[in-house]
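Remarks on the overall topology
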Amino acid sequence: MSDGMGFVAKTRLIAGKDLRIEGRAREVLPAMVTFVLAVMLLLAFSLPPGSRVEERVRFLPGSVSVADVLSGFLWVTVLFAGLIGFARTFELEREESALDVLLLVPLDRSGLFLAKAVVNLAFLLVVQVLTIPLFVVLFGLDLGARWAPMALVIVLVDLGFVGLGTLFAAVSARARSRELLLPVLALPALVPIFIAGTELTADIFLGASFQTLAERGWFVVLIAFDAIFGIVGALAFDFVLE
Amino acid sequence: MTFGRTVALSDLHLEIGPGIAGLFGPNAAGKSTLLRVIAGLQETTRGEVLWNEQPVNVRDEGFRRAVGYVGHDAGLYRALTVQENLQFFGLLYGTTAKIEQVVARLNLESLASTRVGELSAGLRRRAAVARALVHDPQILLLDEPYANLDDDAANLVSAAIRDWWSDGRHALVASHGAKRVKAFADASIILQRGHVVSHRARVAEGTR
């Protein structure tokens, strides 16, 4: 093998290494999936039996739509499951200080950010593919043909979530209390993304058409945050790791 | 170079010519910090590092390609085998041609398919040196490469360093075991409390 591996190939190599190690060690995905399943099961008992998505449930001092509650359930679960996974982003590099060596390889550090973000996105998508159908069944949702807009919302929320989560995982990577630092840093910044995701998902649960969803403007919020967090993450990663 | 109120390196002017230099000194003398500063892993509070008379820029991929570094830890992935680690880092540097050679030089052939997490501390150290040599760097920075090694393994590491060296290359080997490095080093640098207290050329007691 001679010299000539480019940015994309090296980025893919780092991401592939992380996925291979997860395939062997199985440390991140089982923790995320177990968390999601346990929370979903608990939440399933929190709604009155037989609640329908079009109904409202009493929630002092007023009432709230079941669709809003379920949408909130879904994204809060994804949020915390994601943070569990993101907290492990640089754990492999911490074990034997491999991060120092990785920082010395001839690769722009945005490549390292991209590799870590791709792995985090893969983990998040796997968790969602495994658990969201279960969520739908557990809460008696009938998405019908609305799987496509739902998938779009999931991907758009995930992109921003992963961009910001990976950046803050790097910020907290060398901190002693990194498990605490990551949520403290990330949660306030993630609020707009998850509000947009929750609003869109509630509308989808209620059967809104794609046109209705688009008119509400939340897609613009998601796309804007995805772009901002993606670009800022790639640019700031270099300085964050120093 | 300071960490909070602790001064790690101070008033340090050091010109290191081509060759192998031993870096000695008691604990907390600043040996590891100096290696990290030269590698670009630690920014200085004041001052700069020059390489080929140019200030070192760690964002310069050419400089990074020139450096082979072993820190306190192995810098390897525990869940990957020795061979997979060397292949991984070799590919990132764009060359895997030297893997076989460094594996043989450090007598790691029988362990190539063993996961790093299953190796003893001494074997991990040897694998770390192999990893630093795999891209045939121009500058080799080794922090305690003999830690946890028995005499035979230490001799293998010394031989690997000597084999790697050729005209124009620079190596800085920090070690408590001054005698072992002095056996083949061209220069010795002694640090104490962040200061250079001695810098002598040509210390080799044997032949390279």
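Owing to the predicted nature of the structure, the values given are computational and were not obtained by experimental measurement.

1. Points about the overall build of chain B
- Along the backbone of chain B there are seven helices and 10 strands.
- Taken against the 2.2 N^0.38 rule, which gives 17 Å for 208 residues, the C-alpha radius of gyration of chain B at 16 Å falls within 12% of a compact globule.
- C-alpha extents for chain B along the principal axes are approximately 45 × 40 × 35 Å.
- Expressed as a percentage of the 208 residues in chain B, the buried residues total 47%.
- A separation threshold of at least 6 residues defines the contact pool for chain B, and within that pool the share at least 24 residues apart is 70%.

2. Some details on the pairing of strand E8 (residues 170-174) of chain B
All names here are of chain B.
- Within E8, five of the five residues are buried, which leaves it mostly tucked inside the rest of the structure.
- A two-sided burial pattern is seen for E8, the buried positions comprising His170, Leu172 and Ala174 on one face and Ala171 and Val173 on the other.
- Taken together, strand E7 (residues 139-143), helix H6 (residues 151-164) and E8 form a β-α-β motif whose crossover is right-handed.

3. Re helix H3 (residues 82-93) of chain B
- Compared with an ideal rise of 1.5 Å per residue, which puts 12 residues at 16 Å, H3 of chain B spans 17 Å between its outermost C-alpha atoms and is within 8% of the ideal.
- When you tally the buried positions in H3 of chain B, you get nine out of 12 residues, the bulk of the element.
- What H3 of chain B keeps buried is the set Val82, Asn85, Leu86, Phe88, Phe89, Gly90, Leu91, Leu92 and Tyr93 of chain B.
- On the buried face of H3 of chain B, the contacting elements are helix H1 (7-25) and helix H5 (98-104) of chain A together with helix H2 (61-66), helix H4 (99-105) and helix H5 (121-133) of chain B.
- Of the residues flanking the end of H3 of chain B, it is Gly94 of chain B, one or two places downstream, whose phi is positive at about 85°.

4. Digging into the environment of Arg180 of chain B
- You can see Arg180 of chain B is positioned in helix H7 (residues 178-182).
- Residues Arg180 of chain B and Tyr146 of chain B lie 34 residues apart in sequence; the distance between their C-alpha atoms is 8.9 Å.

5. Here's the deal with the interface of chain A and chain B
- Counting residues at the interface gives 24 residues for chain A, matched by 26 residues for chain B.
- Elements with a minimum of two residues in the side of chain A that touches chain B: H1, helix H4 (91-95) and H5 of chain A.
- Per element, the largest residue contribution to the side of chain A that touches chain B is six residues, and it comes from H1 of chain A.
- For the side of chain A that touches chain B, the residue count by class is 13 nonpolar, three polar and eight charged.

6. So, H5 of chain B
All names here are of chain B.
- With 13 residues, H5 extends 19 Å from end C-alpha to end C-alpha; this agrees with the ideal 18 Å at 1.5 Å per step.
- Among the residues making up H5, those that are buried are Leu123, Arg124, Arg125, Arg126, Ala127, Ala128, Val129, Ala130, Arg131, Ala132 and Leu133.
- In this fold, the buried residues of H5 make contact with strand E6 (67-70), H3, H4, E7 and H6.

7. Thoughts on the confidence of the model for chain B
- Of the residues in chain B, 94% have a pLDDT of 70 or more, and the chain-wide mean is 89.
- In the predicted complex, the global pTM is 0.89; the interface-specific ipTM is 0.89.

The rules behind the values
- Residues numbered from 1 in each chain as written.
- Chains lettered and ligands numbered in written order.
- Predicted model: local features only at pLDDT ≥ 70, side-chain atom pairs only at ≥ 80, totals over all residues.
- Helix = DSSP H or I, 4+ residues; strand = E, 2+ residues; numbered from the N terminus.
- Rg over C-alpha atoms; globule rule 2.2 N^0.38 Å.
- Buried ≥ 20, exposed ≤ 12 C-beta atoms within 10 Å, placed from the backbone.
- Contact = placed C-beta atoms within 7 Å.
- Right-handed = clockwise from strand over helix to strand, strands pointing away.
- Expected span 1.5 Å × (residues − 1).
- Nonpolar A, V, L, I, M, F, W, Y, C, P; charged D, E, K, R; others polar.
- pLDDT = per-residue confidence, 0-100.

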